There are 2 protein chains.
Amino acid sequence: MQTHSEENYLKAIWKLVEHSGENVNTNAIAALVHTRAASVTDMMKKLSDKKLISYQPYKGVSLTAKGERVAIEVVRKHRLWEVFLVEQLGYKWDEVHDIAEQLEHIRSSTLTEKLDKFLGFPKVDPHGDLIPDKSGKISKQQQIPLAQLESGNKAIMTGVADHSTLFLRFLDKHKIHLGDTIETKEKTTYDSSMEISVNRKKNIHISNEVAKNILVRKSRS
Amino acid sequence: MQTHSEENYLKAIWKLVEHSGENVNTNAIAALVHTRAASVTDMMKKLSDKKLISYQPYKGVSLTAKGERVAIEVVRKHRLWEVFLVEQLGYKWDEVHDIAEQLEHIRSSTLTEKLDKFLGFPKVDPHGDLIPDKSGKISKQQQIPLAQLESGNKAIMTGVADHSTLFLRFLDKHKIHLGDTIETKEKTTYDSSMEISVNRKKNIHISNEVAKNILVRKSRS
DNA sequence: TTTTATTTTTAGACACCCCTAACTTTATTT
DNA sequence: AAATAAAGTTAGGGGTGTCTAAAAATAAAA
Ligand SMILES: [Mn+2]
Ligand SMILES: [Mn+2]
Ligand SMILES: [Mn+2]
Ligand SMILES: [Mn+2]
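Residues numbered from 1 in each chain as written. Chains lettered and ligands numbered in written order. Predicted model: local features only at pLDDT ≥ 70, side-chain atom pairs only at ≥ 80, totals over all residues. Heavy atoms only, no water.

### Looking at the coordination of the manganese ion (ligand 2)
All names here are of chain A. The protein atoms that coordinate the manganese ion (ligand 2) are Glu 82 (OE), Asp 125 (OD) and His 127 (ND1), at distances of 2.1 to 2.3 Å. Summarised as a motif, the one-chain spacing of the donors to the manganese ion (ligand 2) is E-x42-D-x1-H. A residue pair is termed long-range when its members are at least 10 positions apart, and Glu 82 in helix 4 (residues 65-88) and His 127 in the loop between helix 6 (111-118) and strand 3 (144-145) qualify at 45 residues. (Donors = N, O, S within 2.8 Å, 3.2 Å for Na, K, Ca; no water. Helix = DSSP H or I, 4+ residues; strand = E, 2+ residues; numbered from the N terminus.)

What follows is the structure, given as C-alpha cells:
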C-alpha cells in the first residue's frame, strides 16, 4: 500500500523512463512532482526500502517490476478519470489534469474496473495517451512530432507532447483536434515553422515550437 | 483550505451535532473518525485556531458558521459521489461508503456542481440521506424510527440509522428497500419486536434492534 | 590535470497526524 | 463531603513529507 506521495513519485519516474529510457535523475523527478532535490532523495530511500525502485546514490533510479506495476496502475486510473471528466461531466481537455491528479489516488479494489466498464473500455485519454489495460499492458504509441513530418505528407493527429493549459487552449482556438488529418504544405527552412492544412480545409502557419508538441501518426497514403 | 483529516473531523462534529443538538464530546468524535481521544484534542486545538470550531477545554465543541460550511460541503460531496457509485457504476448501497469517504476530499471549484448536474440534481443519497444543495442548505428530514410507529400504522421507508454493511445487507436479504410501504401489524410487548408487512405483501418479523434502525415517514392515510 | 560548475546527498528543522501513558478535571457514588 | 469513576488533556514520542543550507560526488571546462 502506497501513500499518495509515493504514487506520485512512482508515476513521475515511470514517465521519465518512458521518455528517456535511461536511469532517471533526481532533478527531473523534482521538477515533475514539484518538490526539491533533497525531498526526492529522501523519497528515493523510502521507495528503495520498499523495493519499488532500484536506487544507487548519485547514479539515478529505475523502477522495479513491483514499482512499475504500481506506477502503471496510477496512470491507468489517471487517464480513465480524465475520460470520465471530459466525456461524462463535460470538462474541456485542458481542465482535467489537476482533478485527475487527485482522483488517481482513490483506493478501491473494484472502482477502476467498474469505471472502465462504465466508460466503455476507452483506449485513449482526452490527450491521446494510451490507457493501460487491466493487466497493466500498454502498447507503444506509433507517433512522431509533426515537426518531423516531411513536406507534402499527410498524417493524423494522435496526441500532444505538451499537456499545458496554454498549449491545449491554443490548439482549441485554432480548431486543431485529435483525429484531425494534417498535411504539411510548406516548411520554412529559416525557423522551421510550417504551413499545414487541417482536415484538408483550413491552412495554418505554425511555429516549430508548436509542431514539436503536436504528435501524429503518418497515414499510409 | 483544509486537510483531509480536518475535513473528516469537521464532518464528524457536524453529524454529532445533528443527532444530539448539544456540544460534542471528545470520545464521540474519536469513535467516528477512528482515532483516540488524545488525537481529537490535538485536532480540536488546530480547528479552533483556524476558527472552524469553538472549543473550551473539557466543555466540548461546536462548529462555527465557517466550520459548518466546510462540513456541509464535504457531506454534499460524499452523498453525491455515493449516488454516482450506485446509479452510474452499479455498486450496491452497502459498498460505497469507503470509496465516498475518499472521494469527498477531492478538491475542485467546479467538480461538485458538474457532478450534481450529471446526476440530475439528486435530492437524496442511496441511504436516503438528504443531499445539501449548492448553497449548503439542507432541510430536516421528517422521519422517525420504525420502532416508534404505532401498531396498525402505515409508513414509507425513507432511510436507515445504521449504515453498516451488515445491516444494509440484512435489509437487502429481506427485500426491504427505500420507498417501500411498511405497515406495523403487531408489536410484541415483551421484546418490542414487531410483525410488519412490506409493500402490502410480505410479512416479516423484525427485532426492535432492526426496527430502530429503519427510518420511516408516516403516510397521512 | 587542475579548477570550476553542476548535480546529488546529508544535516537539521518544521508541520502534520497519530499514538500511549500519565495527569487533571468533571461527574457519579457512597 | 470524600472517594471513586469517567472523560478529557498534556507530555512525550514516532512516521511522513517537505524545506534550506551545507557538504560531497560527479561532470565539464580550462
Ligand atoms: Mn497525483
Ligand atoms: Mn491525459
Ligand atoms: Mn473522508
Ligand atoms: Mn450515505
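After presenting the structure, the write-up continues.
### Topic: the coordination of the manganese ion (ligand 3)
Residue and element names in this part refer to chain B. Taken together, the protein donors to the manganese ion (ligand 3) comprise Asn 8 (OD1), Glu 101 (O), Glu 101 (OE), Glu 104 (OE) and His 105 (NE2), at separations of 2.0 to 2.6 Å. Along the chain, the residues donating to the manganese ion (ligand 3) are arranged with the sequence spacing N-x92-E-x2-E-H. The exposure class assigned to Glu 104 is buried, which follows from its relative accessible area of 0%. (Buried < 20%, exposed > 50% of the residue type's maximum accessible area, 1.4 Å probe, protein only.)

### Section: the sheet that holds strand 4 (residues 154-160) of chain A
All names here are of chain A. Across the sheet, six strands lie side by side as 3-8-4-5-6-7; this open sheet has antiparallel pairing. Edge positions in the open sheet fall to strand 3 and strand 7 (203-206), since each of these has one partner strand only. Where strand 5 (residues 181-187) meets strand 6 (residues 194-198), five bridges bridge the pair, whose relative direction is antiparallel. Residue Glu 186 lies in a different strand from strand 6, and its bridge partner there is Glu 195. (Pairing = 2+ DSSP bridges.)

### Quick notes on the nonpolar core
Of all hydrophobic cores here, the largest spans 30 residues; its most connected members are Phe84(A), Leu85(A), Leu103(A), Trp81(B), Phe84(B) and Leu85(B). Residue assignment for this core shows that the elements contributing at least two residues are helix 4, helix 5 (97-103) and helix 6 of chain A together with helix 4 (65-88), helix 5 (97-103) and helix 6 (111-118) of chain B. (Core = buried A, V, L, I, M, F, W, Y, C linked by side-chain atoms within 4.5 Å.)

### Quick notes on the domain arrangement of chain A
Residue and element names in this part refer to chain A. Taken domain by domain, chain A holds domain 1 (4-63), domain 2 (72-140) and domain 3 (144-218). One C-alpha centre belongs to domain 2, the other to domain 3, and the line joining them spans 26 Å. At the junction of the two partners, domain 2 supplies seven residues and domain 3 supplies 11 residues. Roughly 760 Å² of surface becomes buried between domain 2 and domain 3 when both sides are summed, with 56% attributable to carbon and sulfur atoms. The interface formed by domain 2 and domain 3 holds one salt bridge in total. Across the contact surface, domain 2 and domain 3 share four residue pairs in polar contact (both at pLDDT 80 or more). For the side of domain 2 that touches domain 3, the per-class residue count stands at two nonpolar, two polar and three charged. (Domains from an automatic or database assignment. Contact = heavy atoms within 4.5 Å. Buried area = accessible area lost by both parts, 1.4 Å probe. Salt bridge = Lys/Arg side-chain N within 4 Å of Asp/Glu carboxyl O. Polar contact = N/O pair within 3.5 Å; in protein donor to acceptor, adjacent residues only side chain to side chain. Nonpolar A, V, L, I, M, F, W, Y, C, P; charged D, E, K, R; others polar.)

### Quick notes on the protein's contact with DNA strand C
Taken together, 22 residues lie near DNA strand C, and Thr41(A), Tyr55(A), Thr3(B), Ser39(B) and Lys46(B) sit nearest. Side-chain polar atom of Tyr55(A) to a phosphate oxygen of DNA strand C: 2.6 Å apart, as the coordinates give it. A distance of 2.4 Å separates a phosphate oxygen of DNA strand C from a polar atom in the side chain of Thr3(B). For the surface near DNA strand C, the secondary structure elements donating two or more residues are helix 2 (26-33) and helix 3 (37-49) of chain A together with helix 1 (4-20) and helix 3 (37-49) of chain B. With five residues, helix 3 of chain B is the largest single contributor of residues to the surface near DNA strand C. Taken together, the residues of the surface near DNA strand C break down into nine nonpolar, eight polar and five charged. (Near = heavy atom within 4 Å.)

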